[in-house]
Amino acid sequence: MHGIIATWRMALEGVQKADAMLKEGNQAADAIETAIREVEDYPYYKSVGYGGLPNQDGVLQMDAGYMDGGSLSIGAVCAIEDFANPVSIARKLSNGTVNNILVAEGAAAFGKEYGFEQKKMLTDRAKRIYEKKKAELAENDQLRPYDGHDTVGMVCVDDQSHVIAATSTSGLFMKRNGRIGDSPFVGSGFYADEEIGGATATGLGEDIMKGCISYEIVRRMGEGMPVQQACETAVNQLDKKLKKRRGQAGDISVVAMDNKGNWGCATNIDGFSFVVATQQSAPVVWLAHRTEDGHTVFEKAGQQWLDEYMHNHSAAVE
Ligand code: GLY
């Protein structure tokens, strides 16, 4: 029984490739890396890889994480600059017994040593969006500087029940130099245990980390909770706790899959999109909504939504 689940519509083309690989009998590790690289390579996604938006100094710094749910091996890079595929470096780092998480220059030195592709990742389009935002903020300091939280996170299960979770992001637009969110942190941005399943998160990293939410979902699944219930209760409890203790909660959305290919999703926002492919079902884009009583319901994205998505993402920057 195989399957893959991923955050946001941007994952669709990657999930299609991974789904074909899984159907041909490839391993989850290769399928998920291929899927995330596809998102990293696409120039119009503003919060992952090539085309991602920079920090407040105009520098694109990326984070990625990888976990093998069999050996529990982890690898991650933080604030890495000008490498085409941070997820591949994270996967490579997961092979070691130490030095699994590397930051900035250390991550870049490792990437160079092992021959990972170096690439100027800040596109002209991303630079234009940055310059426009900087000018707006200079004129009106009431504007919210931080935008964009669309980490790509995936959980993949293959026919041998291997479970892998991985993430990649350029993090918050206009973040401070060196700021890191949840995405490269095991337990917060992603978690996998092949005796149970895996989970991954997207949203405001600073708040997601306060609940170690990916670990929390897998832990609940391990105690016998169905995957959808594990996602919903974890998101709702963290959302409630943050509102009680801090007066507000940032965006939190999660997806998860157990080792039999059952999947779930929960969100505290309206209109979170995600993509799922299973042995029985071709890749589908879903739209999730939170109901007033705290449940997450989903519907298949219609053609109009899909068309508007592509149009908006590739529209010219004025
Ligand atoms: N969730 C991605 C970030 O906060 O950087």
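Quick caveat: nothing in here was measured; it's all calculated off a predicted structure.

Asker: Explanation requested: the site of the ligand in the structure shown.
Answerer: Inspection of the region around the ligand gives T151, G171, R179, G181, D182, S183, G203 and G205 as its neighbouring residues. Between the ligand and G205, the relevant distance is 2.9 Å, taken from an oxygen atom to a main-chain nitrogen or oxygen of the residue. Protein chains shield 100% of the accessible area of the ligand, which is 200 Å² for the free molecule. The residue inventory of the shell around the ligand, partitioned by class, reads no nonpolar, six polar and two charged.

Asker: Could you clarify how one ought to interpret the packing of aromatic side chains in this entry?
Answerer: What describes a pair of aromatic rings is the distance from one ring centre to the other and the angle between the planes of the rings. Evaluated as defined, the whole model comprises 12 aromatic pairs. On the numbers, 5.5 Å between centres and 50 degrees between planes, the contact of W263 with W286 is tilted. Taken together, the residues span a long stretch of sequence, with W263 in strand β10 (residues 263–267) and W286 in strand β12 (residues 284–290) at a distance of 23 residues. Judged by centre distance (5.9 Å) and plane angle (20 degrees), the ring pair of F272 and F274 falls under stacked. The pair formed by F272 and F274 is uniform in burial state, with each residue classed as buried. Lying across the ring of Y50, K119 places its NZ or CZ 4.2 Å from the centre.

Asker: Explain the sheet that holds strand β4 (residues 101–103) to me, please; I cannot follow it from the model alone.
Answerer: Pairing within the open sheet is mixed, and its nine strands lie in the order β4-β3-β2-β6-β5-β1-β11-β12-β13. Two strands bound the open sheet, and with one partner strand each, they are β4 and β13 (296–300). Sheet twist, expressed as the average angle between the axes of neighbouring strands with direction ignored, equals 15 degrees. Of the strand pairs in this sheet, strand β3 (residues 74–80) and β4 are connected by three bridges, and their pairing is parallel. Bridge pairing in β4 places A76 opposite I101. The sheet contacts of helix α2 (residues 28–41) involve β1 (3–7), β2 (62–68), β5 (152–157) and β6 (163–169), and relative to β5 the element is tilted by about 160 degrees. Helix α4 (residues 104–113) rests against β3 and β4 of the sheet, and its axis sits at about 110 degrees to β4.

Asker: For this particular structure, what's the right way to read the pairing of β2?
Answerer: Every regular strand shows the same layout, with side chains that alternate between the two sheet faces. Here β2 lies mainly inside the structure; six of its seven residues are buried. Direction of pairing for β2 relative to β3: antiparallel, over a ladder of five bridges. Bridge pairing in β3 places A64 opposite V77. Counting the residues in the hairpin turn of β2 and β3 gives five residues, including L72, whose phi is positive at 65 degrees. Inspection of the sheet shows β2 paired to β6 by six bridges, in the antiparallel sense. Bridged to D63 within β6 is T169.

Asker: Where do I start with the packing of α2 against helix α3 (residues 86–93) in this structure?
Answerer: Relative placement of two packed helices is described by the angle separating their axes and the distance separating the axes. Two elements in contact, α2 and α3, have axes separated by 8 Å at closest approach and are oriented at 150 degrees. The orientation of α2 relative to α3 falls into the category roughly antiparallel. On α3, the residues touching A29, D30, E33, I36, R37 and E40 of α2 are P86, V87, S88 and R91.

Asker: Any chance you could explain the packing of helix α1 (residues 12–23) against α2 here in plain terms?
Answerer: As a packed pair, α1 and α2 sit with axes 7 Å apart at the nearest point and diverge in direction by 160 degrees. Considered as vectors, α1 and α2 are oriented roughly antiparallel to each other. Between α1 and α2 lies a crossing whose hand is right-handed. Of the residues in α2, those touching α1 at E13, G14, V15, K17, A18, M21 and L22 are A28, D30, A31, T34, A35 and E38. When its residues are assigned to classes, the contact of α1 with α2 shows seven nonpolar, two polar and four charged.

Asker: Got a minute to help me understand unusual backbone geometry in this structure?
Answerer: Negative phi characterises most residues that are not glycine, and trans characterises most peptide bonds. One non-glycine residue, A79, lies in the positive phi region at around 50 degrees. Mapped onto the fold, A79 is located in strand β3. A residue is classified by how much of its surface remains accessible, and A79, at 7% relative accessible area, is buried.

Asker: Explain the sheet that holds strand β9 (residues 252–258) to me, please; I cannot follow it from the model alone.
Answerer: Consider a sheet: its strands pair through backbone hydrogen bonds, and that pairing is either parallel or antiparallel. Spatial strand order, β7-β8-β9-β10: four strands in an open sheet with antiparallel pairing. Edge positions in the sheet fall to β7 (190–193) and β10, since each of these pairs with one other strand and no more. This sheet shows a mean twist of 10 degrees between the axes of neighbouring strands, independent of strand direction. Note that β7 and strand β8 (residues 197–203) share four bridges and pair antiparallel. Looking at β8, one finds that D193 is bridged to G197. Docked against the sheet, helix α7 (residues 213–222) engages β7, β8 and β9, running at close to 150 degrees with respect to β8.

About the criteria used
- Residues numbered from 1 in each chain as written.
- Predicted model: local features only at pLDDT ≥ 70, side-chain atom pairs only at ≥ 80, totals over all residues.
- Heavy atoms only, no water.
- Near = heavy atom within 4 Å.
- Polar contact = N/O pair within 3.5 Å; in protein donor to acceptor, adjacent residues only side chain to side chain.
- Areas by Shrake-Rupley, 256 points an atom, 1.4 Å probe, with all protein chains shown as cover.
- Nonpolar A, V, L, I, M, F, W, Y, C, P; charged D, E, K, R; others polar.
- Phe/Tyr/Trp six-rings, centres within 6.5 Å; stacked < 30°, edge-to-face > 60°.
- Helix = DSSP H or I, 4+ residues; strand = E, 2+ residues; numbered from the N terminus.
- Buried < 20%, exposed > 50% of the residue type's maximum accessible area, 1.4 Å probe, protein only.
- Lys NZ or Arg CZ within 6 Å of the ring centre and 35° of its normal.
- Pairing = 2+ DSSP bridges.
- Axes fitted to C-alpha atoms, helices over the stretch in contact; angles between N-to-C directions.
- Contact = heavy atoms within 4.5 Å.
- Parallel < 35°, antiparallel > 145°, perpendicular 65-115°, else oblique.
- Left-handed = near helix turned anticlockwise from the far one by under 90°.

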